Amino acid sequence: MSGPLTVQIVAPDRVLWSGDADFVSAPAADGALGLLPGHESVLALLRAGAVRVRAGGDVTEFPVEQGFLSFDANVVTVVVGGRH
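Analysis parameters
Residues numbered from 1 in each chain as written. Predicted model: local features only at pLDDT ≥ 70, side-chain atom pairs only at ≥ 80, totals over all residues. Heavy atoms only, no water. Helix = DSSP H or I, 4+ residues; strand = E, 2+ residues; numbered from the N terminus. Rg over C-alpha atoms; globule rule 2.2 N^0.38 Å. Buried < 20%, exposed > 50% of the residue type's maximum accessible area, 1.4 Å probe, protein only. Contact = heavy atoms within 4.5 Å. Areas by Shrake-Rupley, 256 points an atom, 1.4 Å probe, with all protein chains shown as cover. Lys, Arg positive; Asp, Glu negative; His and termini not counted. Charge placed at Lys NZ, Arg CZ, Asp CG, Glu CD. Pairing = 2+ DSSP bridges.

The number of helices and strands found in the protein is zero helices and nine strands. Taken from N to C terminus, the helices and strands of the protein fall in the order β-β-β-β-β-β-β-β-β. The C-alpha atoms of the protein give a radius of gyration of 11 Å, which matches the 12 Å a tight globule of 84 residues would have. Expressed along its principal axes, the backbone C-alpha trace of the protein runs to roughly 30 × 25 × 20 Å. Counting only residues that meet the buried cut, the protein has 38% of its 84 residues in that class. Intrachain contacts of the protein at a sequence separation of at least 6 include 45% that bridge at least 24 residues. Roughly 4500 Å² of accessible area belongs to the protein as shown, and the carbon and sulfur atoms make up 53% of that amount. Taken as two groups, the 5 positive and 9 negative side-chain charges of the protein have centres that lie 8 Å from each other.

Structural data, given as structure tokens:
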């Protein structure tokens, strides 16, 4: 495992969360997706559900209707639509 994840969760009109995290999970269109540092690169469409970010001992949850997630080199970008 290498370093933290750098995470940014954005809606069309604002940044919802930005910072370092230990783990991110998201409701991908083809199944649940969990990301730890060192994961292979991923680009995924999101379905309705919740994106969860674990930073230290805290878990923050962001309900979403749709969106997409990009992961490369320990950088996670989540663009969400609906219920944020």
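Here we come to the pairing of strand 2 (residues 14-21). Here strand 1 (residues 5-11) pairs with strand 2 via seven bridges, running antiparallel. By the bridge assignment, Val10 is partnered in strand 2 with Val15. The turn joining strand 1 and strand 2, which pair antiparallel and follow one another in sequence, is formed by two residues.

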